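Inside the fold
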Amino acid sequence: MRYTCQNACPSNVEVPVYLDLARQKRYEEAYRVIQSENPLVLTCGRVCNHPCEDLCNRVKIDEPIAINGVKRFITDVLLERDGKLPVPEVEPGNGKKIAVVGSGPSGLSCAFYLQKKGYEVTVFEEAPIVGGMLVLGLPAYRLPRDKFEKELDVYRAMGVKFQTGTKLGRDITIPGLRDKGYVAIYLAVGAHGDRKLGIRGEDYPNVLSGVKFLRSVNLGEKVDLAGKSVVVIGGGNVAIDCARTATRLGAKHVGVYCLEKPAEMPAHKWEVEECLAESADVDCGWGPMEILGDDR
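Residues numbered from 1 in each chain as written. Predicted model: local features only at pLDDT ≥ 70, side-chain atom pairs only at ≥ 80, totals over all residues. Heavy atoms only, no water.

1. Some words on the pairing of strand β2 (residues 120–124)
Within β2, 4 of the 5 residues are buried, leaving the element largely enclosed by the surrounding structure. Pairing analysis gives 5 bridges linking strand β1 (residues 97–101) to β2, with the strands arranged parallel. The partner of V101 across the bridge, within β2, is F124. In this region the chain leaves β1, passes through helix α6 (residues 105–116) and returns to the parallel neighbour β2; the handedness of that crossover is right-handed. Pairing analysis gives 3 bridges linking β2 to strand β3 (residues 161–163), with the strands arranged parallel. By the bridge assignment for β3, F124 is matched with Q163. (Buried < 20%, exposed > 50% of the residue type's maximum accessible area, 1.4 Å probe, protein only. Helix = DSSP H or I, 4+ residues; strand = E, 2+ residues; numbered from the N terminus. Pairing = 2+ DSSP bridges. Right-handed = clockwise from strand over helix to strand, strands pointing away.)

2. Focus on the environment of V217
In this structure, V217 sits in helix α10 (residues 210–218). Sequence separation of V217 and L249 is 32 residues, and the distance between their C-alpha atoms is 9.3 Å. The residues touching V217, leaving out its near neighbours within four places in the chain, are V223, T245 and L249. (Contact = heavy atoms within 4.5 Å.)

3. A short note on the packing of aromatic side chains
This structure, assessed with the given rule, holds 5 aromatic pairs. Here the aromatic rings of Y27 and F73 are separated by 5.7 Å at their centres, their planes lie at 80°, and the arrangement is edge-to-face. In this pair, Y27 sits in helix α3 (residues 27–35) while F73 sits in helix α5 (residues 67–82), placing the two residues 46 residues apart along the sequence. A relative accessible area of 13% means that Y27 is categorised as buried. Judged by centre distance (6.0 Å) and plane angle (75°), the ring pair of F124 and Y182 falls under edge-to-face. Taken together, the residues F124 in strand β2 and Y182 in strand β4 (residues 182–187) connect sequence positions 58 residues apart. Accessibility classification places F124 together with Y182 in one group, the buried group. Ring pairing ties together the aromatic residues F112, Y113, Y155 and F162, which thus form one cluster. For K97, the ring lying beneath its charged end belongs to Y182, and the centroid distance is 4.4 Å. The cationic tip of R248 hangs over the ring face of Y141; the distance from NZ or CZ to the ring centre is 3.9 Å. (Phe/Tyr/Trp six-rings, centres within 6.5 Å; stacked < 30°, edge-to-face > 60°. Lys NZ or Arg CZ within 6 Å of the ring centre and 35° of its normal.)

The structure is reproduced here in structure tokens:
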């Protein structure tokens, strides 16, 4: 059996259907086809690694269709034309309240489908902004915040409520939510932890994990890299995001060091190419033994 683009899509979106609708310039219908299986259409049009394109039947003739590019184009056209994205039909309210703890992709997806079914959904988020790692981990150049707000406006129009600055165990508890009438609680707290290298010197003040660095930048905290040299350890997409973010913060030089060979780097090929185009250096075959410095 030969798998196709739709089989390769983790959400099983009907790719051929929305591509054909886009060809006919029936953009709202194309959007709704995607939205029926993937509520984060705009977001995925910008950050998805598009495995569908690897199994595009067009390769029998020349090269894959830019499926993800078409998805992004659909949302861009709708925003330019209407100033907003289409809101799905919501079933009449059934009077049942659902609490979703965490507003990352999992929490947002849960909220979307339950609200469509007539449930009254409230999303509780610890951070001061909604989106989880979509806004705390992804740099704004990959997912512009004003665009993402348009995605969230769909949820608000559906009736989903968001409550930020609310942490499970500090501000709310599961028994407390039950007492307030929530008949079900969906936990989508995510995994915002970072990984340690296990080497000497990694606890120095100027040594940051990639997750902490990107979170600080995305929350608008002061991160002064202007005129400084920055070393990024790792060869995955987070490392590339850190390197490109450091460049945007005015770093004098950014060097990425990873153990893998160029063809074995976990980061997507196009991410590495764009990183190199922005004047960062990528050095493969290197692993850190110790970080030298002091506690200043």
